[in-house]
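What follows is the residue order along each chain.
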Amino acid sequence: MSQFKITKDEIEVNEVVKTVIHPHAGAINTFIGTVRELTNEKRTLYLEYDAYIPMAEKKLKQIGEEITSKWKEARVSIIHRIGRLDISDIAVVIAVSTPHRADSYEASRYAIERIKEIVPIWKKEHWEDGEEWIGDQLETTQYPSGKPGKEHLND
């Protein structure tokens, strides 16, 4: 009953966890990514996340498939929020269940790193003294218009 979705709604962590519970799971790892106040010594007021939703959900599912291929008995759900998020709001929840704890930790870490690499989600940071579209989540590609062009949205 895994889920891979982009939402504008607040993420209910326990609801995400419920999607990966099963009798063979001895461990469930949850990663909860939140909006932090300080980034590179700049005070963040809030963030705006946006995404190319159909592609983003496809890529989240791909990450889930990569995990279940590598960790055979894993179950995975990934939910990422878009829209305005204030300090301490939950931006992403990853839940991974596996028979053993080490695998659940490794798979969860794998998921967040892959999200940053391949999922078309971008953010605009709002600071006390300005704002800027940061670009991709690795912060290596800038999108001055706020969104990537078609050249950035390849499968």
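For the structure itself, consult the block above.
Residues numbered from 1 in each chain as written. Predicted model: local features only at pLDDT ≥ 70, side-chain atom pairs only at ≥ 80, totals over all residues. Heavy atoms only, no water.

J.: Got a sec to walk through the environment of A91? Specific residues and values, please.
T.: Tracing the sequence through the fold places A91 in strand β7 (residues 90-98). Considered as a pair, A91 and R81 are 10 residues apart in the sequence and their alpha carbons are 5.1 Å apart. (Helix = DSSP H or I, 4+ residues; strand = E, 2+ residues; numbered from the N terminus.)

J.: Before we move on, can you summarise unusual backbone geometry with the specific residues and values?
T.: The backbone of E41 shows a phi angle near 65 degrees, a positive value even though the residue is not glycine. Even without a glycine there, the phi angle at S88 is positive, about 80 degrees. Positionally, S88 belongs in the loop between β6 (83-86) and β7.

J.: Give a detailed account of helix α2 (residues 53-70), specifying residues and quantitative values.
T.: When the terminal C-alpha atoms of α2 are compared, their 26 Å separation across 18 residues agrees well with the 26 Å that a helix rising 1.5 Å per residue should span. Every buried residue of α2 is accounted for by M55, A56, K59, L60, I63, G64, E66 and I67. (Expected span 1.5 Å × (residues − 1). Buried < 20%, exposed > 50% of the residue type's maximum accessible area, 1.4 Å probe, protein only.)

J.: Describe the sheet that holds strand β5 (residues 75-81), with residues and values.
T.: Spatially, β1-β5-β7-β2 is the arrangement adopted by the four strands of the open sheet, whose pairing is mixed. Strands at the two margins of the open sheet, each flanked by one partner only, are β1 (4-7) and β2 (27-34). Recorded for the sheet is a direction-independent mean angle of 10 degrees between the axes of neighbouring strands. Lying over the sheet, α2 contacts β1 and β5, oriented at roughly 145 degrees with respect to β1. (Pairing = 2+ DSSP bridges. Axes fitted to C-alpha atoms, helices over the stretch in contact; angles between N-to-C directions. Contact = heavy atoms within 4.5 Å.)

J.: Residue-level account of the nonpolar core, with values.
T.: I67, I78, I94 and I115 are the most contacted members of the largest nonpolar core, which has 26 residues in total. Of all the elements in the fold, those that place two or more residues in this core are β1, β4 (42-51), α2, β5, β7 and α3 (101-118). In this structure, I11, V20, V93 and A95 belong to the second largest nonpolar core, which totals six residues. (Core = buried A, V, L, I, M, F, W, Y, C linked by side-chain atoms within 4.5 Å.)

J.: Could you give an account of the pattern of salt bridges, naming the residues involved and the relevant values?
T.: Pairing between side chains of opposite charge can happen when the charged atoms of each approach one another. Evaluated as defined, the whole model comprises 10 salt bridges. Between E15 and K18 there is a salt bridge, and its shortest N-O distance comes to 3.2 Å. In this pair, E15 and K18 both sit in helix α1 (residues 13-18), three residues apart, roughly one turn of the helix. Judged by its relative accessible area of 45%, E15 is partly exposed. A salt bridge links E113 to R109; the shortest N-O distance between them is 3.7 Å. On the criterion of helical spacing, the pair formed by E113 and R109 is a turn pair, its members being four residues apart in helix α3. When salt bridges that share partners are traced, they join E37, R43 and E128 into one network. (Salt bridge = Lys/Arg side-chain N within 4 Å of Asp/Glu carboxyl O.)

Keep in mind these numbers describe shape, not what the thing actually does.
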